[in-house]
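Analysis of the macromolecular model
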Amino acid sequence: MTISRSLQSVRAGILIAAAAALTSGCTVMQASFPAAQSHFAYPNSNITPIGHVKGSASITGLMPVVQDADMEEQAIQNALAQKGGDVLVDYTMTTKVTMLPLMFINIYTTDLTVEGTATKMEIGKKALH
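Right, let's walk through the structure included here. Keep in mind the model is a prediction, meaning the values are calculated, not measured. Residue numbers restart at each chain and count upward from 1, following the sequence in its written direction. Residues qualify for local features only when their pLDDT is at least 70, as the model is predicted, and side-chain atom pairs are given and counted only at 80 or more; totals for whole chains, interfaces and linings, by contrast, use all residues. Water and hydrogen atoms play no part in the side-chain values, which are based on all heavy atoms of the structure.

Some remarks on helix α2 (residues 69–83)
Helical geometry: 3.6 residues make up each α-helical turn, so side chains three or four residues apart lie on a common side. Note the cut-off: We count a stretch as a helix when DSSP gives it H or I for four or more residues in a row; a strand needs E for two or more, and each element gets its number in order from the N terminus. Under the convention used throughout, the expected extent of a helix is 1.5 Å for every residue step, that is, one less than its residue count. Here's how the labels work: a residue is buried when its accessible area is under 20% of the maximum for its type, exposed when over 50%, partly exposed in between, all with a 1.4 Å probe on protein chains only. Throughout, a contact is declared for two residues whenever any of their heavy atoms are within 4.5 Å. Under the rule applied, a polar contact is a pair of N or O atoms within 3.5 Å (in protein, one hydrogen donor and one hydrogen acceptor; residues adjacent in sequence only if both atoms are side-chain atoms).
Look at α2: 22 Å from first C-alpha to last across 15 residues, which is about the 21 Å you get at 1.5 Å a residue. Among all positions in α2, only M71, E72, A75, I76, A79 and L80 are buried. Turning to α2, the residues buried within the fold contact β2 (45–61), β3 (87–101) and β4 (106–123). For α2, the side-chain oxygen to backbone nitrogen distance between the N-cap and D70 is 3.3 Å, and the N-cap itself is D68. Of the residues flanking the end of α2, it is G84, one or two places downstream, whose phi is positive at about 75°.

Have a look at this one:
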């Protein structure tokens, strides 16, 4: 009876270790940098701040993605959709790459987050000289 209990505890320990290995990951890289604006602001436009927003996007694959323009644009659009803005100004972009080590391959997840001020852009009607 004690042998079967010890086998059960060993099996339980193996299952817990396997579950922990499958659900844990290592942060491989994290970078953050400021940016002035997400889109071009026309010279004759009025920029009105709406409020603080935060948006994110992620991608998972067999290779790490450090910089992807489509993922950056998706995070910006997710942030602007919160307030209905046109341009994100004075924002910070943070990229985090996490690796999930498996037996023979590694799976990488890249999370990109932008946080800043959403603004509305109204093109002015004044003639430029």
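What to know about the sheet that holds β2
Inclusion rule: DSSP-based pairing: two strands are paired if at least 2 bridges between them are found. Here an axis means a line fitted to C-alpha atoms, over the contact stretch when the element is a helix, while the angle between two N-to-C directions is reported on a 0 to 180 degree scale.
The strand order across the open sheet built from four strands is β1-β3-β4-β2, with neighbouring strands paired in antiparallel fashion. Bordering the open sheet on either side are β1 (26–37) and β2, each of which pairs with just one other strand. Across the sheet, the mean angle separating the axes of adjacent strands is 10° when strand polarity is ignored. Two elements, β1 and β3, share 10 bridges in a ladder whose sense is antiparallel. Each residue of the ladder has a partner; that of P34, found in β3, is T92.

What about unusual backbone geometry?
The phi torsion at D90 lies on the positive side, around 45°, for a residue other than glycine. Position of D90 among the secondary structure elements: in strand β3. Overall, the relative accessible area of 63% leaves D90 in the exposed class.

Focus on the pattern of salt bridges
We apply this condition: A pairing counts as a salt bridge when a side-chain nitrogen of Lys or Arg comes within 4 Å of a carboxyl oxygen of Asp or Glu.
For the structure shown, the criterion picks out one salt bridge. Between D86 and K120 there is a salt bridge, with the nearest N and O atoms lying 3.9 Å from each other. One end of the pair, D86, is in the loop between α2 and β3; the other, K120, is in strand β4, and 34 residues separate them in sequence. Judged by its relative accessible area of 39%, K120 is partly exposed.

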